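# A structural walkthrough
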Amino acid sequence: MIKIKKSDFSTFITNLQKNYSVFAPVTDGKATAFKKIKSAEDINNKVLNTKRSPKEIFFPQSEVLFQYTEEGIKVPKREEKPFAIWGMRNCDTKSLLLLDKVFGEAHQMPKKDMYKDPYWKEKYDNCLVFNLACNKPLSTCFCNWFDGGPFNNTGSDIFVIENDENYIFEAVSDKGKKFLKEFKTAEQVSDKEIKKIEKLKETAESYLAEKEDISSLFSKTKEIWDETIWDEIAAKCINCGACAFVCPTCHCFDVSDEGKGKKGKRIRLWDSCMFAIFTKEASGHNPRSQSLQRVRQRVMHKYNYFMDNYDEHLCTGCGRCVVVCPVNLDIREVIKKIIRY
Amino acid sequence: MIQNLRTEVKKLLKDKKVDIVLGWGKGSLPLSSTPVFIQKEEDADRLIFDETCRNNLTTYLTKDKRKLGKTYDKIGIIVKGCDARSIVLYAVEKQINKENVVIIGVPCNGILEKKKVLQKTENKEILESKIDGKNVHLKGRDFDLTIPLKDVLCDSCLTCRYPDAPVHDIFIGKPRKKVDIKDEFKNVIDFEKKSSQERWEYIKEEYSKCIRCYACRNVCPACYCNECFVDQNDPQWIGKTPEVTDSIIFHLIRNLHVAGRCVDCGACVSACPVDLDLRIMNKKVEKEIKERFDYTAGLDVNEKPAMASYCENEKQDFIMG
Ligand code: SF4
Ligand code: SF4
Ligand code: SF4
Ligand code: SF4
Ligand code: SF4
């Protein structure tokens, strides 16, 4: 483990920017979000969970796939430098692994050479992810239900712990090891400081609400598909897309052509299974015309279908949807209800 | 008050006057409530009414299947003043048969805007809260704060002239008549004084926050179209990106769609996850309608709505010629 002084943070970021496009949590009068920063001053290291999730760095809400004219198609030029993301929390770094199963890796799927999304891969494959430990989890955090935690580091390259004076770095992946090796100006961390980290970790974990044993969640969801429990769960949902749009793991998209005359562009846009139009077919028929069916879809995708395909829940317990839902449909309560049904 | 409400609801269910009652229950987060749908007498004890009862539950009344799932013959609904006015809107627009809805009014002292509270705590998380008539007491991990309730009420509540359901079948307690408010349109008047450049900058800045989640539309009682114009894709009326050029069209059209129908319940404002100022334009349109047609939405079931009627001596100065 090595460390840098907090007072050197700004230099650290400037150096990082030489080789990377750096993204970090930014508060600028709009919802806190991960944005490409100009300098360290833009960074808000205090915010725990950004309002908008970092998935948009790799999978933006709207992304031009290509432009077309009569001559043919043109794929927009990408960023040249690889991305470095500073200040992600464990619930977010983990979400990247989950999204990568869909867009990138595609491992464990029946067919090995599944389609890999070039737009995702090009940004994700070379990126460097710094996972900042959460010293003070929120009351809506429930990463511990999904084997994550304020001091876990799954899905990151470098784990960062903040104490009063320093940022302490620990390599997680090979990419992270390589980065830290070349990082000459850092100091070694003393044993005493390492001991103190244990304390920070204990305190952070004590902030989390009680862990729910969700081992039966998958099997339970298999049994309840046509049960009345969904009436109860879904009744108050107004089918907006707030939960899906702030969620770091929701990844449904729509493709839309915007053209005029003989030229235009094809755009990929976030979509949500909560929207009525999501499954509306060209004939006018809608297999999920009712709210209940759509709520069930979102819950089942998170805690059943994704598990079926990839052996993981499509939720990291970040709690963002809990905070934004305008009718207080709390996904933690949904999970508890299902388990106890 | 709350006991009387619960007793009343139990009675309605027992006498089979209603099949279901829409009300608020305790939410899972501090300063939150959540819609509850009561069908059994004993469940009526879950009902609450206080400054956290934010949602305008009338949005669940429209026949559109996206709300409430099933259809019920007789529905009871607990309403604040603004909510009651949405029911009038539904009746005027023939969306419900008022005979089938039992309107239960509760005395409203204003609803708390959680976003304002979070500004006061500088976005620090609230872990415990208590509201005692005049003040809100908040506790977080490293702070203790007491703030006057009036500083954190919804903007809509601060200018509300009809806090107690102007139309109701049952009222818990005694309804106040209209409350006198002098500067109902203050935010609009201040805004109108700015230069067009400044106004444009503000609107652009605000609408560029939008993530197109449609929470504002979906909580809104006035937005009940089976197919919203933003969802139509043949033809596709507007672009679907979160770029301000697209989202501004969504918002301006929605402003016009709710013109003379918006009851300023503020549900959209509170629902927006990115804190967009949705009220300024709605209030501007409301002011225009008030000045031009002397019409206030949701007060009288028999009055013709401003946008659905015509009379010869209406102001026509907006027609350029
Ligand atoms: S859910 Fe866990 S990892 Fe995410 S912010 Fe909260 S404590 Fe940190
Ligand atoms: S479903 Fe909710 S808690 Fe789970 S990852 Fe998505 S936003 Fe976070
Ligand atoms: S769960 Fe909440 S946020 Fe999600 S669609 Fe339903 S009402 Fe909207
Ligand atoms: S536009 Fe907003 S304030 Fe007006 S009725 Fe709809 S939700 Fe209420
Ligand atoms: S709720 Fe807010 S973010 Fe969502 S569509 Fe409405 S204005 Fe945009």
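Here, every reference points to the structure presented above.
In this report, the structure presented in the accompanying data block is examined. All of these numbers come straight from a predicted model, not from anything done at the bench.

As a further point, take the overall build of chain A. When helices and strands are tallied, chain A shows twelve helices and twelve strands. Relative to the globule expectation of 20 Å for 341 residues, the C-alpha radius of gyration of chain A, 21 Å, shows essentially globular dimensions. Its C-alpha atoms give chain A principal-axis dimensions of about 65 × 60 × 45 Å. In chain A, which comprises 341 residues, the share counted as buried stands at 55%. Taking the contacts inside chain A whose residues are at least 6 apart along the sequence as the reference set, 73% of them involve residues at least 24 apart. In the form shown here, chain A has an accessible surface area of approximately 15,900 Å², with 50% of it arising from carbon and sulfur atoms. Of the side chains in chain A, 56 bear a positive and 49 a negative charge, and the two mean positions are spaced by 3 Å.

Turning our eyes to something else, we now look at the nonpolar core. A general tendency of soluble globular proteins is for nonpolar side chains to be buried together. All names here are of chain B. Membership of the largest hydrophobic core comes to 138 residues, with the highest contact counts inside it found for Val 9 and Ile 104. The element contributing the most residues to this core is helix H2 (residues 81-92), with six residues. In contact with Val 9, other than residues within four places in its own chain, are Val 21, Ile 38, Ala 44, Leu 47, Ile 78 and Ile 104.

Before going further, it helps to examine the site of ligand 3. Around ligand 3, the neighbouring residues are Cys237(A), Ile238(A), Asn239(A), Cys240(A), Ala242(A), Cys243(A), Met274(A), Cys325(A), Pro326(A), Val327(A) and Leu329(A). When grouped by side-chain class, the residues that make up the shell around ligand 3 number ten nonpolar, one polar and no charged.

Moving on: the sheet that holds strand S11 (residues 253-260) of chain A. Residue and element names in this part refer to chain A. In space, the four strands of this open sheet follow the order S5-S4-S12-S11, with antiparallel pairing throughout. The outermost strands of the open sheet, each flanked by one partner alone, are strand S5 (72-74) and S11. Averaged over neighbouring strand pairs, the angle between their axes works out to 25° when direction is ignored. Looking at chain direction, strand S4 (residues 62-69) and S5 are connected through three bridges and run antiparallel.

The subject of this paragraph is the interface of chain B and chain A. Contact residues are listed per partner, giving 42 residues for chain B and 43 residues for chain A. Roughly 3,300 Å² of surface becomes buried between chain B and chain A when both sides are summed, with 54% attributable to carbon and sulfur atoms. Looking only at chain B, the three residues that lose the most surface to chain A are Leu29(B), Arg141(B) and Ile211(B), adding up to 17% of its buried area. The interface formed by chain B and chain A contains three salt bridges. Note that Glu227(B) and Lys280(A) form a salt bridge whose closest N and O atoms lie 3.2 Å from each other. At the boundary of chain B with chain A, the tally comes to 16 residue pairs in polar contact (both at pLDDT 80 or more). The leading source of residues in the side of chain B that touches chain A is strand S2 (residues 33-38) of chain B, at four residues. When grouped by side-chain class, the residues that make up the side of chain B that touches chain A number 15 nonpolar, twelve polar and 15 charged.

On to helix H1 (residues 2-14) of chain B, then. Residue and element names in this part refer to chain B. Along its 13 residues, H1 runs 18 Å from first to last C-alpha, staying within 8% of the 18 Å computed at 1.5 Å per residue. Among all positions in H1, only Leu 5, Arg 6, Val 9, Leu 12 and Leu 13 are buried. For H1, the arc enclosing every buried residue in end-on projection is 125°, short of the 170-degree limit, so these residues lie on one face. Of the surrounding elements, those touching the buried residues of H1 are strand S1 (20-26), S2, strand S3 (47-48), strand S4 (75-79), strand S5 (101-105) and strand S9 (170-171). Residue Lys 16 follows H1 closely and has a positive phi angle near 55°.

Let's shift gears to the site of ligand 1. Taken together, Leu48(A), Asn49(A), Arg89(A), Asn90(A), Cys91(A), Cys134(A), Pro137(A), Cys141(A), Cys143(A), Pro150(A), Gly317(A) and Cys318(A) make up the full set of residues near ligand 1. In terms of residue class, the shell around ligand 1 is built from eight nonpolar, three polar and one charged.

Attention now moves to unusual backbone geometry. Residues and elements named next belong to chain B. Even without being a glycine, Lys 16 presents a positive backbone phi close to 55°. Topologically, Lys 16 is positioned in the loop between H1 and S1. In this structure Lys 16 comes out as exposed when scored by relative accessible area, which is 68%. We note that Leu 31 has phi near 60°; this positive angle belongs to a residue other than glycine. Position of Leu 31 among the secondary structure elements: in the loop between S1 and S2. Residue class for Leu 31 comes out buried when judged on its relative accessible area of 9%.

Analysis parameters
- Residues numbered from 1 in each chain as written.
- Chains lettered and ligands numbered in written order.
- Predicted model: local features only at pLDDT ≥ 70, side-chain atom pairs only at ≥ 80, totals over all residues.
- Heavy atoms only, no water.
- Helix = DSSP H or I, 4+ residues; strand = E, 2+ residues; numbered from the N terminus.
- Rg over C-alpha atoms; globule rule 2.2 N^0.38 Å.
- Buried < 20%, exposed > 50% of the residue type's maximum accessible area, 1.4 Å probe, protein only.
- Contact = heavy atoms within 4.5 Å.
- Areas by Shrake-Rupley, 256 points an atom, 1.4 Å probe, with all protein chains shown as cover.
- Lys, Arg positive; Asp, Glu negative; His and termini not counted.
- Charge placed at Lys NZ, Arg CZ, Asp CG, Glu CD.
- Core = buried A, V, L, I, M, F, W, Y, C linked by side-chain atoms within 4.5 Å.
- Near = heavy atom within 4 Å.
- Nonpolar A, V, L, I, M, F, W, Y, C, P; charged D, E, K, R; others polar.
- Pairing = 2+ DSSP bridges.
- Axes fitted to C-alpha atoms, helices over the stretch in contact; angles between N-to-C directions.
- Buried area = accessible area lost by both parts, 1.4 Å probe.
- Salt bridge = Lys/Arg side-chain N within 4 Å of Asp/Glu carboxyl O.
- Polar contact = N/O pair within 3.5 Å; in protein donor to acceptor, adjacent residues only side chain to side chain.
- Expected span 1.5 Å × (residues − 1).
- Arc of directions from axis to C-beta.

Worth remembering: the numbers are spatial, not functional.
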